[in-house]
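Residue-level structure breakdown
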Amino acid sequence: MKPRHVWTIAKKELRGIGNERTIVLAILLQVFIAMFSSFLVVGLTSLYDPSSLGGMSGGYAVGYAGTDSPLADLLEEKGDFEVYHMDLSEAVAALQERRLAAVVYVPDTPPDGIDPVKITLYTLKNDISASVTGVKIREAMEAYEVMLREARDDRLAAEPVDIAVPADAGGQSFFIFVYGLLVPLLLFMPAIISASLIIDFITEEYSTKTLDTLLSTPLTFTEILWGKVLAAWVLVPLQAGAWIVLLAANGIAIHNAPAILLHVSAASLVLILIGAIAALHYRERTSAQFVYSTALVAVLLAVLAIPGNPANLIVLLAAGSPAPLHGSALVGVLAGTAFLAIITDRYARRLAARAAQ
Amino acid sequence: MTAVLLVALLLASGLTAESGIRLQDGIYTVGTDDPAAAALLSGDPAFSVFLTDHAVLAQRPGAYDLVISGGRAWAARTEKGAAALSAFAVAYRNYRAGIYTGEEDLFAAYPLWIETVEVTSSLDFTATESGQIIAPKPQEGSDVRPSGPVEDLPTPSSTLAVSAEELRHDLAAAPAGNDGIARYLGMFSGGPDLGEFKTPSQLSPPLPFDSLIYIFVFIFPLYFTSQFAMMSIANERIERRGEILLSTPAGPLTIIAGKMLPYFLLMIAVCSAIVLITGGSFVVILPLVPVILFFLAAALLIGMTARSFRELSFLSIFFSTVMTSYLFFPSIFANVHVISLISPLTLVVLHFQGTGFTAADYLYATALFWLSTAVVLWLCARNFTEEQLFSQERLTSRLRSFIFAAMARDHPFASLVAVNLLAIPLIFMVQLMYLVLLFNLPLPWSLLALILLAAFTEEVAKSIGILALFRGIPGFFTWRTVLLAAVATGFGFLLGEKLLLFVMMAQVTGSLFGSVLFSGVGLLWMPFLLHTAGALIVGAVLKIGGRRAYLPGLLLATAVHASYNLILIGGAL
C-alpha cells in the first residue's frame, strides 16, 4: 500500500465535497446550531436568573387573602413583593387584570395542628413573568415550610445531617447543559457526519460503476478504501476544532482542547470504520445507512452506559475536571480502533481477491 | 443481520437502562472532612468526593469545586463552583426529602401543601411583548383593586382531598428539587405524577426542556422515515429507474401520492405506537399530521433536487436541524409564552400536560404547515417530469428552473403574482423562526436584527420569480417589462401577506415584533410601493449588470426595505 496513492484518493474525495458546495451547507448548519446555543443561553438565564429580565427591581404586588400568617412577612422580607390584604374574589379579579402578580389564600389551620396547612396559589398562565415570580414565591414558601416544620418538631423521629447551603446561585442548569450535553453532542456530531460520508464515498463508486475505472489505474482496492477513510477522517478534527473555537468565541471556555481532539479523533475512527464495513458489505446506500445507523445507536447506548466512556471523558476534560484515567482510556480506544482497522483491511483484501478471480 | 442488530440494540438499551447514562460522572469535585457528607453524596455519580482532614482542606481552598466542612458548604468562585453548589443543594434537598418522606407523621415533616390555580389573563401576548412587565409594584397611593366586575369565588377548601399515604407515594416518586436533566431522564421511566398538591420545594417554574423529550420521541422516528422517502425518490432519479413509471398513463400527482402513501401510513403508525406506549390519547396525532405531511413534501423536494447521495445527506441533515429548531425552541416556552404556539409540538406538550388546546390554537399552530405543504407539493408535482428529474444542474439552478417550470410562459406577470402569493407561507415560517431566535435578545438589538433578516428574506423571496424569468426567457426584460414584473411581484406579495395576516396572524401582528415582520397592516399603498420598489431594484440591477449583479442588487433592495421598516418602527420605539 503506497501512502501517495491513499493521499490521491483522499484528495479526490475532499475535492468532490468542495465542488458540490455541500461543505458550505455543513458549515451553515454548524453556525446555525451555534446560534441556537446562544439563544438557549439567553433563554435559560432569563428563566433562572430573574434579575436578568430586569423586571424584579421594583418588586411585584401580591394579593393575600384568608387568615393572617408569617407568610405575608416572608413574601415582603427580601423586597421582592409588596403584599396587599384583600378579599379573595377581588384579588383574583385584580390578578386577571394584571394588577397583581399572584394571589395566595391561607386557611385558618393552626401552625402546630395535626392537619397540614393547605395554601392555594393563583398565578397567571402563559406568562414569562409568572415563571420569574414563581421562583421568588417558592423561596418564601420554603421558608414558611421550615417555620411550620419547627413548630411540629416534636413529632419528627429522624434528624437529617445539617449542612448549611449558601443561597442558591442557580447556575447549575446552564453549566451542566453546556458542558454535560451540548459540548459532547457538538464534538461528536462531526464524527457521525463523517461516518455517514464514508458510506456515501464507497457506495457511490458501486452505484455509478466508477470502481472499475479507478481499479484500472495503479491504485489497489485497499488503497482506495483507506484514501476514502482518510478523507472522511481528516474532517473530524477540523470540524471539532472549529467547534471549540466557536464555543470559546461565545464565552464558553473549553479546557484541555488538544486532549479532547485526540479523544474525538480516536473515537470517530471507530464510527467511520463501522460505516466503511457496512458500506463494503452492502455496496448500496439505503441498506448500508440503515445498518450503520442502527449499529450506531446500539454502540452509543452501550458505550454511554460504561463509566469513563469517551463522551464522559470529553465532558470532564472540557469542564476542567480531573480525568485521571483518560490516558489509559485513550489507549484502550486506540487498541479497539487498530483491531477494527485490521478487520476492515482484511475484509477489503478478501473482497479485492474475490473480485480479481 | 437485522435480527443480530435488533438483539444488539435491545442488549445495549438494557445495559443503559441498568447503569444509566454515564455522561456527567465525576464532573464536580468535592472535598470534605465530614464522613456523613461524603456518605450523603456517594450515591450521586456527578460528584467525585475526596474525604480528607480539615488541615488539607484549609491549605488549598481552590482545589475543589465544593468544600463541605463544619456543617457548611463552600463553593469555588468559578462558574463550575456555582454549578457544583446548586447541584449539591439539589442532592442535599433530595437527601432530606428521603428522610422526611419516611417520617411516621407525614404532616409534621411536610406541614405545607400548595395547590396552584392558573388564571388566564386576557392581555397576555401583547403586554409582555412590548416590554411591559406585569404587575410591577404600583405607585404610592394608587390602587390595586380591580376596575372591572368582580366574580365571586368560593373559599378554597382547607383540607387536602387525598390521603397521607397517597401523598407519601407521590413524594417518594418525585423527589424535590428542579434537577432538570434527572427529570427528563425520569420521563422515560413513566415520569412521576406530581398530582395537584405540591410541597414548596416541588413548586418549580416550568422546565424548559420537558419538550425535548417529545421532540426525541415523536420527531426523530419521523426523520428516519422521511429519510427513506427521500432516498427512494433520489434512487429512482440517480439510477434512472423512474423513467418507466413516468411512461405509464399515471399522472405526476398519482405517482407522488402513491410513493408517499406508504411513508405517510408508516409515520402515522409509528406515532400511534408511541402514543399507545406513552399512554396519551390519539388527539396528539392531530397536530402531528401537518408536520408529517410537511416532512414528506420537503423529502420529495430534497429527493428531487439533490444531485448525489452526498448532497442528499447534507440537505437532509440541514433540513432536520432547521426543523428541529423550529419545532423545539418555541415549545420550550409552552407554559410561558403564546409565541410558543407557532410550533405544533407545543400542542403536543400542552396535551400531555393536560391543558389541552382549542381549535383556534390548532389553526394557529398548524396553518403554516398545511399551506407550505400544499405549495411545496404543487411545485414538485409541476416538475415531476422526465426533463426536470434527470437533469444534472446545480442545486440553486435546479430550484430556479423548478420555479420557472411552474410558471405559465404565456402569462409571465400573472405567474409572478401567483409565485409571490404562494411563497408567503414559507416566508412566514422563516420569519417566525427569526422571531423565535431573536425575541430573547435585548430589545434594540433584537428589533434591528429582525428588521434586517426579515427584509433580506422578503427580498430574496421576491427576487426568485424575477430571476427565474430573467434566466428562463433570455431577452425578456425590457425596461417596460421590468417595471411590470416589479408591480406584479409587489402585488402578489402584498396580497398573500394580507390574506394570511387576515386569516391567522392577528396575535403576532398586534405586538411590536409583529409590526416589524409584517409591516403596517393598516396602510396598503405604502407596503405595496415598498415591495414593488424592492423587486424593481433587483430587476433593474439584473438588467444592467447581468446575473453577476444579482447579489449586489439583492443587498441594495434589502437596505432600502430595512431602512423603510426602521423609519416606520422609529415611531414605535
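Everything quoted here is computed from the prediction, not taken from an experiment. (Residues numbered from 1 in each chain as written. Chains lettered and ligands numbered in written order. Predicted model: local features only at pLDDT ≥ 70, side-chain atom pairs only at ≥ 80, totals over all residues. Heavy atoms only, no water.)

**Things to note about the overall build of chain B**
On a plain count of helices and strands, chain B comes out with 24 helices and 6 strands. Looking at chain B residue by residue over its 573 residues, the buried ones come to 53%. Accessible area for chain B stands at about 24,700 Å²; split by element, carbon and sulfur atoms hold 67% of it. (Helix = DSSP H or I, 4+ residues; strand = E, 2+ residues; numbered from the N terminus. Buried < 20%, exposed > 50% of the residue type's maximum accessible area, 1.4 Å probe, protein only. Areas by Shrake-Rupley, 256 points an atom, 1.4 Å probe, with all protein chains shown as cover.)

**Here's the deal with the sheet that holds strand S2 (residues 47-51) of chain B**
All names here are of chain B. Strand order in the open sheet made by the 4 strands is S2-S1-S3-S4, with mixed pairing throughout. The outermost strands of the open sheet, each flanked by one partner alone, are S2 and strand S4 (72-75). In this sheet, adjacent strand axes meet at a mean angle of 20 degrees when their direction is disregarded. As paired strands, strand S1 (residues 28-32) and strand S3 (residues 66-69) are joined by 3 bridges and run parallel to one another. Bridging across to S3, Val30 finds its partner in Leu66. (Pairing = 2+ DSSP bridges. Axes fitted to C-alpha atoms, helices over the stretch in contact; angles between N-to-C directions.)

**Focus: the confidence of the model for chain A**
All names here are of chain A. Considering every residue of chain A, the mean pLDDT works out to 80; 84% of them sit at 70 or more. Across chain A, helix H9 (residues 257-282) holds the top mean pLDDT of 92, while helix H2 (residues 22-48) sits lowest at 58. Every residue in residues 47-57 is under pLDDT 50, and counting partners more than four places away or in other chains gives 22 contacts. (pLDDT = per-residue confidence, 0-100. Contact = heavy atoms within 4.5 Å.)

**Looking at helix H17 (residues 395-406) of chain B**
The end-to-end C-alpha distance of H17(B), which contains 12 residues, comes to 17 Å, matching closely the 16 Å that a straight helix rising 1.5 Å per residue would cover. Among the residues making up H17(B), those that are buried are Ser397(B), Arg398(B), Arg400(B), Ser401(B), Phe402(B), Ile403(B), Phe404(B) and Ala406(B). (Expected span 1.5 Å × (residues − 1).)

**Let's talk about the packing of aromatic side chains**
Per the stated rule, a full pass over the model turns up 11 aromatic pairs over all chains. A ring pair is formed by Phe290(A) and Phe228(B), whose centres lie 6.1 Å apart and whose planes are at 50 degrees; its orientation type is tilted. One end of the pair, Phe290(A), is in helix H10 (residues 285-304); the other, Phe228(B), is in helix H9 (residues 210-238), on a second chain. Taking the relative accessible area as the measure of exposure, Phe228(B) reaches 28% and is therefore partly exposed. The interplanar angle of 25 degrees and the centroid separation of 6.0 Å between the aromatic rings of Tyr92(B) and Tyr95(B) together place this pair among those described as stacked. (Phe/Tyr/Trp six-rings, centres within 6.5 Å; stacked < 30°, edge-to-face > 60°.)

**Notes on a negative patch on the surface**
Taken together, Asp112(A), Glu150(A), Asp153(A), Asp154(A), Glu159(A) and Asp162(A) make up a surface patch of like negative charges. Inspection of the secondary structure assignment puts Asp154(A) in the loop between helix H5 (128-151) and helix H6 (172-207). (Patch = residues over 30% accessible without salt bridge, like charges linked within 9 Å, V, L, I, M, F, W, Y side chains within 5 Å. Salt bridge = Lys/Arg side-chain N within 4 Å of Asp/Glu carboxyl O. Lys, Arg positive; Asp, Glu negative; His and termini not counted. Charge placed at Lys NZ, Arg CZ, Asp CG, Glu CD.)

**What to know about the environment of Glu90(A)**
With respect to the secondary-structure elements, Glu90(A) resides in helix H4 (residues 88-96). Along the sequence, Glu90(A) and Ala65(A) sit 25 residues apart, while their C-alpha atoms lie 9.5 Å from each other. Each residue touching Glu90(A), except ones within four places of it in the same chain, is listed here: Arg145(B), Pro146(B) and Val150(B).

**Let's talk about unusual backbone geometry**
Residues and elements named next belong to chain A. The backbone phi angle of Asn256 is positive, close to 50 degrees, even though this residue is not glycine. Mapped onto the elements, Asn256 comes out in the loop between helix H8 (221-249) and H9. Assessed through its relative accessible area of 37%, Asn256 is described here as partly exposed. At Arg283, a position not held by glycine, the phi torsion is positive, near 55 degrees. Among the secondary structure elements, Arg283 is positioned in the loop between H9 and H10. Using a relative accessible area of 39% as the deciding quantity, one classes Arg283 as partly exposed.

**Re the side chain of Thr532(B)**
Take Thr532(B): it is sitting in helix H23 (residues 525-545). For Thr532(B), the residues in contact, after removing those within four places along its chain, are Ala486(B), Val487(B) and Gly490(B).

**Brief notes about the pattern of salt bridges**
All names here are of chain A. Under the defined criterion, the tally for this structure stands at 14 salt bridges over all chains. Ionic pairing is found between Glu205 and Lys12, a salt bridge with its closest N-O pair at 2.9 Å. Residue Glu205 is located in helix H6, and its partner Lys12 is located in helix H1 (residues 3-19); the two are separated by 193 residues in the primary sequence. In this structure Glu205 comes out as buried when scored by relative accessible area, which is 5%. With relative accessibility at 33%, the residue Lys12 sits in the partly exposed group.

**Some points on the pairing of S4(B)**
All names here are of chain B. Note that S3 and S4 share 4 bridges and pair antiparallel. If you follow Ser69 over to S4, its bridge partner there is Arg72. Hairpin remark: S3 followed by S4, antiparallel, with 2 residues in the connecting loop; positive phi at Gly70, about 60 degrees.

**Thoughts on the confidence of the model for chain B**
Residues and elements named next belong to chain B. Looking at chain B as a whole, its pLDDT mean stands at 75, while 79% of the residues score no less than 70. Across chain B, the element-wise mean pLDDT spans from 38 in helix H6 (residues 124-129) up to 89 in helix H12 (residues 285-305). Contacts for the low-pLDDT stretch residues 123-137, under 50 throughout, to residues beyond four places or in other chains number 44 contacts. Across residues 176-194 the pLDDT falls below 50, and counting only partners more than four positions away or on other chains, this stretch makes 33 contacts in the model.

**Side note on the packing of H12(B) against helix H15 (residues 359-382) of chain B**
All names here are of chain B. Direction vectors running N to C along H12 and H15 enclose 25 degrees, while the axes themselves pass 9 Å from each other. By the criterion of interaxial angle, the relationship of H12 to H15 is roughly parallel. You can see that H12 and H15 cross each other, and the crossing is left-handed. Listed contacts from H15 to Leu286, Pro287, Val289, Pro290, Val291, Leu293, Phe294, Ala297, Ala298, Leu300, Leu301 and Met304 of H12 are Tyr362, Thr366, Phe369, Trp370, Ser372, Thr373, Val376, Leu377 and Cys380. The class makeup of the residues in the contact of H12 with H15 is 18 nonpolar, 3 polar and no charged. (Parallel < 35°, antiparallel > 145°, perpendicular 65-115°, else oblique. Left-handed = near helix turned anticlockwise from the far one by under 90°. Nonpolar A, V, L, I, M, F, W, Y, C, P; charged D, E, K, R; others polar.)

**Focus on the nonpolar core**
When a protein is soluble and globular, its nonpolar side chains tend to lie buried together. In this structure, Tyr179(A), Ile27(B), Tyr28(B) and Phe88(B) are the most contacted members of the largest nonpolar core, which totals 92 residues. Of all hydrophobic cores here, the second largest spans 72 residues; its members include Ala234(B), Cys271(B), Ile342(B) and Leu450(B). (Core = buried A, V, L, I, M, F, W, Y, C linked by side-chain atoms within 4.5 Å.)

**With respect to the packing of H9(A) against helix H12 (residues 326-356) of chain A**
All names here are of chain A. Put simply, H9 and H12 touch, their axes get as near as 9 Å, and they point 25 degrees apart. Considered as vectors, H9 and H12 are oriented roughly parallel to each other. Viewed along their axes, H9 and H12 form a crossing whose handedness is left-handed. Contacts between H9 and H12 involve Ala259, Leu262, His263, Ala266, Ala267, Leu269, Val270, Leu273, Ile274, Ile277, Leu280 and His281 from the first element and His326, Leu330, Val333, Leu334, Thr337, Leu340, Ala341, Ile343, Thr344, Tyr347, Ala348 and Leu351 from the second. Considered class by class, the residues forming the contact of H9 with H12 number 19 nonpolar, 5 polar and no charged.

**With respect to the sheet that holds strand S5 (residues 112-119) of chain B**
Read from one edge to the other, the open sheet built from 6 strands follows the order S2(A)-S1(A)-S3(A)-S4(A)-S5(B)-S6(B), with strand pairing classed as mixed. The open sheet terminates on both sides in strands that have one partner only, identified here as strand S2 (81-85) of chain A together with strand S6 (197-198) of chain B. Here strand S4 (residues 117-124) of chain A runs beside S5(B); their pairing, made up of 8 bridges, is parallel. Among the inter-strand pairings, Ile119(A) is bridged to a residue of S5(B), identified as Ile114(B). Along the sheet, H4(A) makes contact with strand S1 (60-66), strand S3 (102-106) and S4 of chain A together with S5 of chain B, crossing S3(A) at roughly 160 degrees.

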